[in-house]
Each structure stands twice: as structure tokens, then as C-alpha cells.
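The residues making up each chain are set out below.
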Amino acid sequence: MDSSGQFHFPRWSNLLLPAIGVLAVTAPIYLITLVGYGASPATINVGYRPEQPVEFSHAIHVGELGMDCRYCHTTVEQAAFAAIPPTATCMSCHTNIHPKSIKLLKVRESYQTGQPIEWVKVHDLPDYAYFDHAAHVNKGVSCLECHGRIDRMEVVHQAEELSMGWCLDCHRDPTPSIRPRGQVTNMEWDPAMATDEEQAEIERIHKSLKSTRQLTDCSTCHR
Amino acid sequence: MPQRKPTIPRFAVYAIVISIPLALLPFALIARVRSIHTSQPRLHFFQDMDAQPKLKAQATSARYADGRAMRPTVSGAVARGRLNIDDHFQRGKVFRDGKWTWATTYPDRVPITMQTLERGRERFDIYCATCHGESGNGLGLVHRRAEKLQSSGWIQPSSLHVIDPKTGKLTYGTQLYPHGKMFQIITHGVRTMPGYEAQIPPDDRWAIVAYIRALQLSQNAPIDAVPPDKRPALR
């Protein structure tokens, strides 16, 4: 400030003029990338891992004991919904394995009272979107594509975006993610392992797929 | 007065130097959020119609005392087309010579084809192999773990290939253990083995019975039953 009380930019500020020009260009780009990165489904949706009422571990039951998903999620091949198993399914082993374990207290209580265990839903599409497990599993799309390495999870978390763009990425060309139906629940399967018979089955499924137009039609998922 | 060339003061230089990493900080924070797991539900900027009042499968509902949106079936209720009137198919029993006996044949609805056997293999591997082992020898992974844990109440799942000492025949083979009885064991379980009525529909249970028969043949087959060109692989 000089003696007249007016503010003058100091002379050196002229040197910053080019920097201000650069800022005017970069600031919008900065903001757009920040919001795009921060609000993308990969940031917001992935990694959700709610606490469950019972410390049930897929890593033990699937990874170590080699159980098949369908032993518990019995409806995946017939229904849109993949049923969470009733307590009776757990008790088929746990009446005699770890019968006194504190970790299984809620399971035994539920078995005696008939009150279901309240598992917290992990994967949850908005209610206006329609999803169908049977349609995918019966065409050889593996659980792995959408749920990740469940067999290594102590506690289930969401591994994929489950956003509309993510669904469409596959629906535009599902052929690379098709496997033989018998390998759908096999987390270790690798296309290089396919036998000639399985290769033939994969090709049969490719031919039977609905058209891309049908699979990307709004009414397929919003009905 | 000679014109001094203006220079940018120290503090402004520092401010610029510090603001660049500061501007990158939000990205680092987001990158961290992306790499960790969180027990918080996702942020919901726009509610749209994400949570509608309609009830979905296995959801909760405050309307019912037990909180279940899916109502359990009233006991004794039978869905259309599900009436158990085919005793052979549903219970494994036939009425012969004036009394009910275990069926020794497969029901007409279950054709014994390669397809049925393949289905049986798949279902056996899902539901039985965890305890009984893939070959049915009673040494599944769950049994091995239970043994290691020394679980007191655990009994070894039966080997489906044991020979009955009295008759010299397979204890669970066709002659001593009719198809119908095997079907009934899968349905309702036996002693410490649970029943699988709720998990496996009847035609799959019959497919499993058929596959167990194939397993029993394969485990006790004489070498002559193998085509000559495959024999070296087995020796």
C-alpha cells in the first residue's frame, strides 16, 4: 500500500502472469479428474466389507475345505437370486465340528429358535436394476468374474464395480468370459487348461448367446 | 534511481512449491480409499430409486414378527405339481407282494443315460465329496480336517466301497443296499449324516445314486474290464 491508501500489486507479481494463465487452464482439468477419479464406481463401490454377525470364512470353507459354492448357494443355477444358506446347512457339519465354539454361538442359537441369522448384504444393486444369476451361470459365466477370489476372502468384500458401464463392458462381447458350465465355480480354472471337449462346449455356448443388441437393450436390465 | 529488476520474493516461491504436492494430496487420499476395505456402506450422493419399498428375496420386513420378507411355507402346504404321489420317485419305495419294499430299480422318470451319470457326478462332487471324498472312500477334506481337530462327536463318513465281512459283497452295493434305500439316505440322512432333501431335488438324488453305482463298479473292477489299450496306464 502506498501513502494514498490504494493497493498496488507489487511489481514482481507481473512475473506470475504466465503462471496464472497456466492455472486457468489446469484448474478445470484438475477438478474434473479429481471428481471423476473420486466419484467413480471403482472408488465408491469396490471394497465394501461389512461386519457380519458370524465370522464365516470363505477362505476356510472354500479355499481349504474345497467346498463347492452350490453346496450352500443352492439356487444360483435355477433362480435370479443366489440364496444365502439356512442355518440347517451350517449345522450339517457343525453339530459335530467345533460344537462348542464361541464363534458359532449365533448359529446354534438360530438353529434352536428358528430365527434366521441376519447376514449383511454385500453386493447390492439399486432396486431399479434387474440381475439374474441363472442366466449367467448357465451360460458359463464364472462367479469369479463378478465376485473375485471369494475362496481367499476371510470376510466377503465387493471386488467389482457392478456399475452399468461394467455390466455393459461384458454384455457388448461376453465371449472371452465364457467357460464350460462344469467349471463355473472353479476359482483356479484357466482357459489354457480346457480339454478338447470343453473347448467344443465353449464354442457351443458362443453360438447360443443372445445378440449384442438384445444384451445391451435397456429393457434387459431395467424391466 | 536505477531500475532494479523485480524478483519473486521467498514466501511466494515457497507457496508455489508447497501448493503443488498439496494439490496432489486428494489423489493420494482417493488412491488409499481405493486400496482398502471399508465396513461403511458406500456414499449415496443421489438416492434415485435405489431403495424401493418392494421386498426382494431374503430381505427383512418390519411387517412380520420374525422380520422375514420371504414367508416360510405353512407346514403341510403342497405347491401345485409337487404332491408326493409317486412313491418310487419321491420315497424310493415300491409296493410289491403286499408290502412296501425298497425299490431295486430306477423310476421311469429317471432315464439311465450318460447325461444322467454326468449330472450325478457333478452333484456328487458338490454335495457328497466334501465328506465322502471324490472316489467315495470316506476320506473327504472335511473329514480329514475334523480328524486333525479331533472333534469328539465326528464319525468317519462311510466308505462306499467297504466289503461286508459276512457275505463278501459290497455293504452299500446293489445287492445288500437297494437303490431306494440309498435314495432315502440322501433324502433324510442317517445317524450323524445330515439329510439333503432341502438342497437336492429328487431327480438329482437319483442321478447321484446312479453315479455311486458307477463309482462302485470302477473301484472294484477287475483289470480285464479295462480296454487293453488303457491297461498300462493303470499298472
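A brief look at the structure comes next. (Residues numbered from 1 in each chain as written. Chains lettered and ligands numbered in written order. Predicted model: local features only at pLDDT ≥ 70, side-chain atom pairs only at ≥ 80, totals over all residues. Heavy atoms only, no water.)

Concerning the overall build of chain A
Then comes step 1: When its secondary structure is counted, chain A shows 12 helices and zero strands.
Then comes step 2: In sequence order, chain A lays out its α and β elements as α-α-α-α-α-α-α-α-α-α-α-α.
Then comes step 3: Computed over its C-alpha atoms, the radius of gyration of chain A comes to 26 Å, more than 25% above the 17 Å expected for a compact globule of 223 residues.
Then comes step 4: Seen along its three principal axes, the alpha-carbon backbone of chain A occupies a region of about 90 × 50 × 35 Å.
Then comes step 5: Sorting the 223 residues of chain A into buried and exposed places 39% on the buried side.
Then comes step 6: When contacts within chain A are restricted to residue pairs at least 6 apart in sequence, long-range pairs at least 24 apart make up 69% of them.
Then comes step 7: For chain A, the separation between the mean place of its 19 positive charges and that of its 26 negative charges on side chains is 2 Å. (Helix = DSSP H or I, 4+ residues; strand = E, 2+ residues; numbered from the N terminus. Rg over C-alpha atoms; globule rule 2.2 N^0.38 Å. Buried < 20%, exposed > 50% of the residue type's maximum accessible area, 1.4 Å probe, protein only. Contact = heavy atoms within 4.5 Å. Lys, Arg positive; Asp, Glu negative; His and termini not counted. Charge placed at Lys NZ, Arg CZ, Asp CG, Glu CD.)

Topic: the side chain of Thr89 of chain A
Then comes step 1: Topologically, Thr89 of chain A is positioned in helix H5 (residues 87–94).
Then comes step 2: With a relative accessible area of 9%, Thr89 of chain A lands in the buried category.
Then comes step 3: Discounting chain neighbours no more than four positions away, the residues touching Thr89 of chain A are Tyr71 and Cys72 of chain A together with Gln199 of chain B.

Focus: the environment of Leu139 of chain B
All names here are of chain B.
Then comes step 1: With respect to the helices and strands, the residue Leu139 is situated in the loop between helix H4 (129–132) and helix H5 (141–149).
Then comes step 2: Under the relative-accessibility criterion, Leu139 is labelled partly exposed at 36%.
Then comes step 3: Once you skip the residues sitting within four places of it in the chain, Leu139 turns out to touch Cys131, His132, Gly133, Arg144 and Gln156.

Digging into the side chain of His58 of chain A
Then comes step 1: Of note, His58 of chain A is situated in helix H3 (residues 58–64).
Then comes step 2: Ignoring sequence-local partners within four residues, the contact set of His58 of chain A consists of Gly63, His73, Ile150, Asp151, Met153, Glu154 and Val156 of chain A.

A word on the layout of surface pockets
A water-sized probe, rolled over the atoms, reveals where empty space remains.
Then comes step 1: Reported here for the second largest pocket is a volume of approximately 1400 Å³.
Then comes step 2: Arg70, Gly182 and Gln183 of chain A together with Arg121 and Glu122 of chain B are the residues nearest the centre of the second largest pocket, which is lined by 43 residues in total.
Then comes step 3: Counting residues per element, the lining of the second largest pocket draws most heavily on helix H3 (residues 114–127) of chain B, at eight residues.
Then comes step 4: A class-by-class count of the residues in the lining of the second largest pocket yields 13 nonpolar, 12 polar and 18 charged. (1 Å grid on protein atoms, 1.4 Å probe; cavity = no way out; pocket = protein on both sides within 12 Å on 5 of 7 lines; lining within 4 Å. Points joined across faces, edges and corners; volume = space filled by probe spheres on them. Nonpolar A, V, L, I, M, F, W, Y, C, P; charged D, E, K, R; others polar.)

Some remarks on the packing of H3 of chain B against helix H7 (residues 202–219) of chain B
Residues and elements named next belong to chain B.
Then comes step 1: Orientation of H3 relative to H7, taken along the N-to-C sense of each, is 95°, at an axis distance of 7 Å. Regarding the angle of H3 to H7, the classification is roughly perpendicular. Facing H3, whose interface residues are Thr116, Leu117, Arg119, Gly120, Arg121, Arg123 and Phe124, H7 presents Asp204, Ala207, Ile208, Ala210, Tyr211, Ile212, Ala214 and Leu215.
Then comes step 2: Class assignment for the residues of the contact of H3 with H7 results in nine nonpolar, two polar and four charged. (Axes fitted to C-alpha atoms, helices over the stretch in contact; angles between N-to-C directions. Parallel < 35°, antiparallel > 145°, perpendicular 65-115°, else oblique.)

Let's talk about the nonpolar core
Soluble, globular proteins show a tendency: their nonpolar side chains are buried together.
Then comes step 1: Core analysis: the largest hydrophobic core is formed by 33 residues, its most contacted members being Tyr71 of chain A together with Phe124, Tyr127, Val142 and Ile208 of chain B.
Then comes step 2: Taken together, the elements giving at least two residues each to this core come down to helix H4 (69–72) of chain A together with H3, H5, helix H6 (179–188) and H7 of chain B.
Then comes step 3: It is H7 of chain B that contributes the most residues to this core, seven residues altogether.
Then comes step 4: Counting residues in each nonpolar core, the second largest holds seven residues, with Cys69, Ala82, Cys143 and Met187 of chain A among its members. (Core = buried A, V, L, I, M, F, W, Y, C linked by side-chain atoms within 4.5 Å.)

Focus: the packing of aromatic side chains
Then comes step 1: Tallied over the full model, the rule gives 13 aromatic pairs over all chains.
Then comes step 2: The interplanar angle of 75° and the centroid separation of 6.0 Å between the aromatic rings of Tyr71 of chain A and Tyr196 of chain B together place this pair among those described as edge-to-face. Residue Tyr71 of chain A is found in helix H4, and its partner Tyr196 of chain B is found in the loop between H6 and H7; the two belong to separate chains.
Then comes step 3: Summarising the aromatic geometry, the rings of Phe183 of chain B and Trp206 of chain B are spaced 4.5 Å apart at their centres and angled 15° between planes, so their arrangement reads as stacked. One end of the pair, Phe183 of chain B, is in helix H6; the other, Trp206 of chain B, is in helix H7, and 23 residues separate them in sequence.
Then comes step 4: Residue Phe183 of chain B is classed as buried on the basis of its relative accessible area of 0%. (Phe/Tyr/Trp six-rings, centres within 6.5 Å; stacked < 30°, edge-to-face > 60°.)

Considering the interface of chain B and chain A
Then comes step 1: In this assembly, 53 residues from chain B lie in contact with 48 residues from chain A.
Then comes step 2: In total, about 4600 Å² of surface goes out of reach between chain B and chain A, with carbon and sulfur atoms giving 59% of it.
Then comes step 3: Linking chain B with chain A are four salt bridges.
Then comes step 4: For Arg145 of chain B, the salt bridge identified is with Glu64 of chain A, shortest N-O distance 2.8 Å.
Then comes step 5: At the level of secondary structure, the elements contributing two or more residues to the side of chain B that touches chain A comprise helix H1 (10–35), H3 and H5 of chain B.
Then comes step 6: Among the elements that line the side of chain B that touches chain A, the one with the most residues is H1 of chain B, at 10 residues. (Buried area = accessible area lost by both parts, 1.4 Å probe. Salt bridge = Lys/Arg side-chain N within 4 Å of Asp/Glu carboxyl O.)

Quick notes on the packing of helix H1 (residues 17–38) of chain A against H1 of chain B
Then comes step 1: Packing of H1 of chain A against H1 of chain B brings their axes to within 10 Å, and their N-to-C directions diverge by 15°. Considering the angle they form, H1 of chain A stands roughly parallel to H1 of chain B. H1 of chain B is crossed by H1 of chain A, and the crossing has left-handed handedness. Facing Tyr30, Thr33, Leu34, Tyr37 and Gly38 of chain A of H1 of chain A, the residues of H1 of chain B in contact are Ala23, Pro26, Phe27, Ile30, Ala31 and Arg34 of chain B.
Then comes step 2: Tallied by class, the residues present in the contact of H1 of chain A with H1 of chain B amount to eight nonpolar, two polar and one charged. (Left-handed = near helix turned anticlockwise from the far one by under 90°.)

With respect to a nonpolar patch on the surface
Residues and elements named next belong to chain B.
Then comes step 1: On the surface, Tyr14, Ile18, Leu22, Leu25 and Leu29 cluster together into a nonpolar patch covering about 530 Å² of accessible area.
Then comes step 2: Checked against the element boundaries, Leu29 lands in helix H1.
Then comes step 3: We classify Leu29 as exposed; its relative accessible area is 54%. (Patch = residues over 30% accessible without salt bridge, like charges linked within 9 Å, V, L, I, M, F, W, Y side chains within 5 Å. Areas by Shrake-Rupley, 256 points an atom, 1.4 Å probe, with all protein chains shown as cover.)

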